[in-house]
Amino acid sequence: MSHQAMIVLFNDLELQWALKNATDLDRRLFGDQAWGYEVMSHEVMDTSRTYIADITESEKAMNVDNERDDNQPNVQSLEMYDSQRLIMRGYAGIWIGDGKAEIMTVGVDNNYRRQGIAGRMLDWLINYARINDVGRISLEVLADNQTAQQLYHSRGFEDIGLLSNYYASQGKDCIKMVLDLKEHIMGFSAKGIRMEQQ
């Protein structure tokens, strides 16, 4: 039996499990720049932000299901999952306010790269912004992260400037990118944090 991955709101997961797994993944991806549990908790609990996760079942859980008697019920509701059955392959977040949006972060586990996970999560966030009547989405991406930039360009994002030494602790520049969902809104100022590790 195969189990399809799902994009799930953090609010629909067991919160402590979601926060722990997102924090662990963040640490593996960003090292010293990782948010940590307290910052991650603040982000997720902030009502102006929405966080999602790409979730699938572990190989162990799938093997157990494959050995299940055909007469036994096959429950696939997230509410019924034991947390040890699940794997968080990636996560992403967006801030929305006053008709504007900022992609806060996108991260995909190194073991699951090149499977379209970042693209699917980005598409979900863009659609969510449209539903919420957002006019422009912005983000910042490391200037040397060509893979991420290609992804954003493929979704219609455009470069609007280079921010020198934006990640001062790393001595790295970033590129500010925007996607206009409506006619350009003059005077918009992005509130970006980061966008890398695709």
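One can find the structure itself at the top, above this paragraph.
Residues numbered from 1 in each chain as written. Predicted model: local features only at pLDDT ≥ 70, side-chain atom pairs only at ≥ 80, totals over all residues. Heavy atoms only, no water.

Peer 1: Outline the nonpolar core, listing residues and values.
Peer 2: Judged by nonpolar contacts, the single largest core of 26 residues is most densely connected at Ile103, Ile137, Tyr152 and Phe157. Secondary structure elements with two or more residues in this core: β3 (86-97), β4 (100-108), α4 (117-131), β5 (136-142), α5 (146-154) and β7 (172-180). In terms of residue count, α4 provides more of this core than any other element does, seven residues in total. Val8, Ala18, Leu25 and Tyr91 belong to the second largest nonpolar core, which has 21 residues in total. (Core = buried A, V, L, I, M, F, W, Y, C linked by side-chain atoms within 4.5 Å. Buried < 20%, exposed > 50% of the residue type's maximum accessible area, 1.4 Å probe, protein only. Helix = DSSP H or I, 4+ residues; strand = E, 2+ residues; numbered from the N terminus.)

Peer 1: If you had to explain the side chain of Arg49 to someone new, which residues and values would you point to?
Peer 2: Structurally, Arg49 is set in strand β2 (residues 49-57). Within the structure, the side chain of Arg49 is placed 2.8 Å from the side chain of Glu43, a separation counted as a polar contact. A polar atom in the side chain of Arg49 sits 3.3 Å from the side chain of Ser48. Discounting residues that sit within four places of it in the chain, Arg49 has contacts with Glu43, Ile94, Trp95 and Met104. (Polar contact = N/O pair within 3.5 Å; in protein donor to acceptor, adjacent residues only side chain to side chain. Contact = heavy atoms within 4.5 Å.)

Peer 1: For the pattern of salt bridges, give the residues involved together with the corresponding values.
Peer 2: Scanning the entire structure with this criterion turns up eleven salt bridges. The residue Lys182 makes a salt bridge to Asp133 at a minimum N-O spacing of 2.4 Å. Here Lys182, found in the segment after β7, pairs with Asp133, found in the loop between α4 and β5; they are 49 residues apart in sequence, far enough to count as distant. In this structure, Lys172 and Asp144 form a salt bridge, with 3.8 Å as the shortest nitrogen-oxygen distance. (Salt bridge = Lys/Arg side-chain N within 4 Å of Asp/Glu carboxyl O.)

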